[in-house]
Each structure stands twice: as structure tokens, then as C-alpha cells.
Amino acid sequence: MKFWQSLANTETEQMLDIARIAEGAGIDGILLSDHLFCPETFESKYPYSTDGTPPFDAATHWPDPWVTIGAMAAVTQKLLFSTNIFILPLRNPIAVAKQIGTAAVLSNNRVSLGAGVGWMKEEFTQMRENFETRGERYDECIEILRRLWRGGMIEYHGKHYDFGKMQMSPAPNKPIPIWLGGQSPVALKRAARIGDG
């Protein structure tokens, strides 16, 4: 059995100290959550509460998870890191592959990606990403990440992403686990089909 500590809603300034303390206490890993911002008003309903109200507000800290993981990895030796949940289709998969791949190399393979499709339409609208196609793009993103992380020249020609041959260096020397989140039937099928957990 492994023990993980979620740092969701934790003040950013405390995170490095918490990582050191967690490692000293024998905690196996740290989980970081993800949102780019908090809108002034919500039209989207939070799917994990009975009234649709999210458990955070505009003052809640949402530091970039990969910058934070890089900083925490630098002050620890064996602590593992993952996201719960990183909103994958909100971002360009090439940029995400670079961020996570770099974190894996610098941490000596202590990172994994916990990914979800997202529920807050306001974030997708602000980032000019199509909320309705996020599931399809999510599937393509996972395939792109895995290809780029293997190293060497790769190309991709999908419905939503299309690019010619490129190579991303440095590439991790071990596969980065991708854990998939969600509770809908589609999410559960996707986790069984393409997830590492």
C-alpha cells in the first residue's frame, strides 16, 4: 500500500516545506490539483457536489502543477508526484509533453500524470478551446504524449492535432504513467482502454 497526500487548496508558500515533511514522515507521494483560474461567476456546475457548487473560490491557490512539482522534486529525494487532476484538453499536447517530460527527467522519473477532461466550461472558453470536443482531444493528447516521451522523430495526424516529424529532447528514460480520472461510463471505459491506472 502507498500513501499519498493531496495538496489541493494548500497555500503555495507552504508546499516546499510540506514536501520535505511528507518525505520525512514516509509519505509516498504528493498530489497536486489543477485549474488555470477561478471565474467571477460560475455557469458550469461542479459535478461532484449535490448543488453544483465547487469547493473553492477566487482566493484558493492553484499554482501551476508542473512548476510546483519541479520545485518540490528539487528539495526531496524519493517523494513521488502526480496530478489529480490535470485538465489535459485545456492545453496544447506538445507543450504539455515538454513540461511533464522535463519534470520526469529532472526528478529521476518520480512523476506521473493524473489527467481528466475537465468540467469548467469557462476555462475552455477563455483558452479558446472547444469544450464539446474535449473528450476526443483528450484521447489524442494521450497518444501524442506517449509518442513524444518515447524519444526519436515522431509525427501525428489526427482529427484535432496534426503535425509533421519532430523530436522532443530530453526524453524520459522510462515511461511516464498516465492515470485517468472521471466517473462517467465513458471515462471508466477510457481508463480501462488506454490508462495506466
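Higher on the page you've got the structure.
Residues numbered from 1 in each chain as written. Predicted model: local features only at pLDDT ≥ 70, side-chain atom pairs only at ≥ 80, totals over all residues. Heavy atoms only, no water.

J.: I would appreciate a short explanation of the overall build of the protein chain in the present structure.
T.: Scanning the protein chain for helices and strands turns up 6 helices and 8 strands. Counting from the amino terminus, the protein chain carries its helices and strands in the arrangement β-α-β-α-β-β-α-β-α-α-β-β-β-α. For the protein chain, the spread of C-alpha atoms along the principal axes amounts to about 45 × 45 × 30 Å. Every one of the 197 residues in the protein chain was classed for burial, and the buried ones make up 43%. At a minimum sequence separation of 6, the contacts of the protein chain that also span at least 24 residues come to 68%. When the accessible area of the protein chain is evaluated, it comes to approximately 10,600 Å², of which 53% is carbon and sulfur surface. Treating the 20 positive side-chain charges of the protein chain as one cloud and the 22 negative ones as another, the clouds have centres 9 Å apart. (Helix = DSSP H or I, 4+ residues; strand = E, 2+ residues; numbered from the N terminus. Buried < 20%, exposed > 50% of the residue type's maximum accessible area, 1.4 Å probe, protein only. Contact = heavy atoms within 4.5 Å. Areas by Shrake-Rupley, 256 points an atom, 1.4 Å probe, with all protein chains shown as cover. Lys, Arg positive; Asp, Glu negative; His and termini not counted. Charge placed at Lys NZ, Arg CZ, Asp CG, Glu CD.)

J.: Sorry, what's going on with the pattern of salt bridges here?
T.: Opposite charge on two side chains permits them to pair, given that their charged atoms come into close proximity. Per the stated rule, a full pass over the model turns up 8 salt bridges. Between aspartate 34 and arginine 91 there is a salt bridge, and its shortest N-O distance comes to 2.7 Å. Residue aspartate 34 is located in the loop between strand S2 (29–32) and helix H2 (65–74), and its partner arginine 91 is located in the loop between strand S4 (86–87) and helix H3 (93–106); the two are separated by 57 residues in the primary sequence. Taken individually, aspartate 34 and arginine 91 each receive the classification buried, so the pair is uniform in this respect. Residues joined in a network through salt bridges with shared partners are Asp139, Arg190 and Arg193. (Salt bridge = Lys/Arg side-chain N within 4 Å of Asp/Glu carboxyl O.)

J.: Mind showing me how you'd approach the sheet that holds strand S1 (residues 4–6) here?
T.: The strands making up a sheet are joined through hydrogen bonds of the backbone, oriented either antiparallel or parallel. Strand order across the open sheet formed by 3 strands is S1-S2-S3, with parallel pairing between neighbours. Two strands close off the open sheet at either side, each with one partner strand: S1 and strand S3 (80–83). Across the sheet, the mean angle separating the axes of adjacent strands is 25° when strand polarity is ignored. Strands in contact with H2 are S2 and S3; relative to S3, the strand with the most contacts, it is inclined by about 175°. (Pairing = 2+ DSSP bridges. Axes fitted to C-alpha atoms, helices over the stretch in contact; angles between N-to-C directions.)

J.: Would you mind going over the nonpolar core with me for this structure?
T.: In terms of nonpolar packing, the biggest core is built from 38 residues, with Met72, Leu88 and Leu113 touching the most fellow members. Within the residue set of this core, elements represented by two or more residues are helix H1 (15–24), S2, H2, H3, strand S5 (113–116), helix H5 (134–149), strand S6 (154–157) and strand S8 (178–180). With 7 residues, the single largest contributor to this core is H5. Those residues within four positions of methionine 72 in sequence are excluded, and the remaining contacts are Leu7, Met15, Leu16, Ala19, Ile30, Leu32 and Phe81. (Core = buried A, V, L, I, M, F, W, Y, C linked by side-chain atoms within 4.5 Å.)

J.: Please explain helix H6 (residues 185–194) as it appears in this structure.
T.: Quick reminder: α-helices carry 3.6 residues per turn. Residues three or four places apart thus point the same way. Those residues of H6 lying buried are Ala187, Arg190 and Ala191. Down the axis of H6, the sector holding all buried residues measures 100°, keeping them to one side. Looking at H6, the residues exposed on the side facing more than 90 degrees away from the buried face are Pro185, Val186, Leu188, Lys189, Ala192 and Arg193. In this fold, the buried residues of H6 make contact with H5 and S8. (Arc of directions from axis to C-beta.)

J.: Teacher, can you tell me more about the sheet that holds S4 here?
T.: Read across the sheet, 3 strands follow the order S4-S5-S8 without closing on themselves; strand pairing throughout is parallel. Bordering the open sheet on either side are S4 and S8, each of which pairs with just one other strand. Summarising the sheet, S4 and S5 pair through 2 bridges and their orientation is parallel. Along S5, the bridge assignment pairs isoleucine 87 with glycine 116.

J.: Even after reading the chapter, I still don't get the pairing of S6, so can you show me in this structure?
T.: Looking down a regular strand, the side chains alternate between one sheet face and the other. Of the two faces of S6, only one is covered, namely that formed by Ile154 and Tyr156; the face formed by Glu155 and His157 stays uncovered. Bridge count between S6 and strand S7 (residues 162–166): 3 bridges; the pairing is antiparallel. Along S7, the bridge assignment pairs histidine 157 with aspartate 162. Between the antiparallel neighbours S6 and S7 lie 4 residues.

J.: Honestly, the pairing of S5 in this entry has me stumped. Any pointers?
T.: The alternating pattern of S5 places Leu113 and Ala115 on one face and Gly114 and Gly116 on the opposite face, and all of these are buried. On the question of chirality, the crossover connecting S4 to the parallel S5 by way of H3 is right-handed. With 3 bridges joining them, S5 and S8 adopt parallel strand pairing. By the bridge assignment for S8, alanine 115 is matched with leucine 180. (Right-handed = clockwise from strand over helix to strand, strands pointing away.)

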